[in-house]
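Remarks on the overall topology
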Amino acid sequence: MSNLPEHIAIIMDGNGRWARQSSLPRSSGHQAGVKTIRQVVEHCARLRIGALTVYAFSSENWQRPEKEVSFLMELFVRALRSEVDKLHENNIAVRFIGELDVFPQALRDEIRTATEKTADNTGMRFNIAVNYGGRREMTRALTAVCSDVQKGILDSSEIDEQLITRYTWLADVPEPDLFIRTGGEQRLSNFLLWHLAYTELFFTNTLWPDFSVAELDEAIAHFTQRQRRFGQTGEQVEDKAHEIK
Ligand code: IPE
Ligand code: IPE
Ligand code: MG
């Protein structure tokens, strides 16, 4: 396939409903979802996708029953512990975006270990959004910009879109080209609000534990068929493509 996306962002949704279908507890759905992430990460790395960003826990997910939240925290710790060597072997650089300081110590330790161990890897960047909220990200960016202006590090005349991007958690990664949401909902649920401005969106009813590499390929194939106009006319985009050839 040509014109592959450089950066894919995924909302991994539908674990709870997947479990309910089989009369299992929601936790089994989350557990089953780990296998899907592993396959998706490996497939993206094989395709030499530059970056993959997945939504694992939103700033709103704290509102879930305490039992589910603590299960998820333990699952994250276990999954990181068991997956990090493989990720490292595959030259993948793991990073976490979101407000990490509120997590239990055990999880913060695993996050630090995984990040430090893989920091110098030159392959795919794998960004995991945990306790992430797009509005929170923008609020923090704005606060940091104001603070730097106040300190005289920054002049307010320098504030433009590029500069604001530099204050976000995905400052050094190109914007996602392709966004995928499983589980049938067609909404962003506070994910990457700033970075998805011109991303191509792909929604599927497949529940996350059932999402397959074949369907990922289908999403990528859809992406390669789309004409990205960024506000221009279709003719302008075609002319530019001919010039490049
Ligand atoms: C996504 O699946 C995983 C997390 C939010 C952690 P859900 O748990 O939201 O599954 P549904 O949407 O209830 O089926
Ligand atoms: C979004 O899914 C968050 C993650 C997948 C981590 P939710 O299941 O929390 O989203 P809503 O509540 O249906 O919008
Ligand atoms: Mg959900």
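Our subject is the structure listed above.
Residues numbered from 1 in each chain as written. Chains lettered and ligands numbered in written order. Predicted model: local features only at pLDDT ≥ 70, side-chain atom pairs only at ≥ 80, totals over all residues. Heavy atoms only, no water.

1. Thoughts on the site of ligand 2
Around ligand 2 lies a shell formed by Ile11, Met12, Asp13, Tyr55, Ala56, Phe57, Asn61, Arg64, Arg181, Arg187 and Ser189. Side-chain polar atom of Arg181 to an oxygen atom of ligand 2: 3.3 Å apart, as the coordinates give it. For ligand 2, the accessible surface in isolation is 390 Å², of which the surrounding protein chains cover 77%. With three residues, the top contributor of residues to the shell around ligand 2 is strand 2 (residues 51–58). Among the residues forming the shell around ligand 2, the class breakdown is five nonpolar, two polar and four charged. (Near = heavy atom within 4 Å. Polar contact = N/O pair within 3.5 Å; in protein donor to acceptor, adjacent residues only side chain to side chain. Areas by Shrake-Rupley, 256 points an atom, 1.4 Å probe, with all protein chains shown as cover. Helix = DSSP H or I, 4+ residues; strand = E, 2+ residues; numbered from the N terminus. Nonpolar A, V, L, I, M, F, W, Y, C, P; charged D, E, K, R; others polar.)

2. Description of the packing of helix 3 (residues 66–89) against helix 4 (residues 105–118)
Direction vectors running N to C along helix 3 and helix 4 enclose 15°, while the axes themselves pass 9 Å from each other. By the criterion of interaxial angle, the relationship of helix 3 to helix 4 is roughly parallel. For helix 3 against helix 4, the interelement crossing comes out left-handed. Judged by residue contacts, Met73, Phe76, Val77, Leu80, Arg81, Val84, Asp85 and His88 of helix 3 engage Ala106, Leu107, Glu110, Ile111, Ala114, Lys117 and Thr118 from helix 4. Looking at the contact of helix 3 with helix 4, its residues break down into nine nonpolar, two polar and four charged. (Axes fitted to C-alpha atoms, helices over the stretch in contact; angles between N-to-C directions. Parallel < 35°, antiparallel > 145°, perpendicular 65-115°, else oblique. Left-handed = near helix turned anticlockwise from the far one by under 90°. Contact = heavy atoms within 4.5 Å.)

All we've got here are geometric facts, nothing functional implied.
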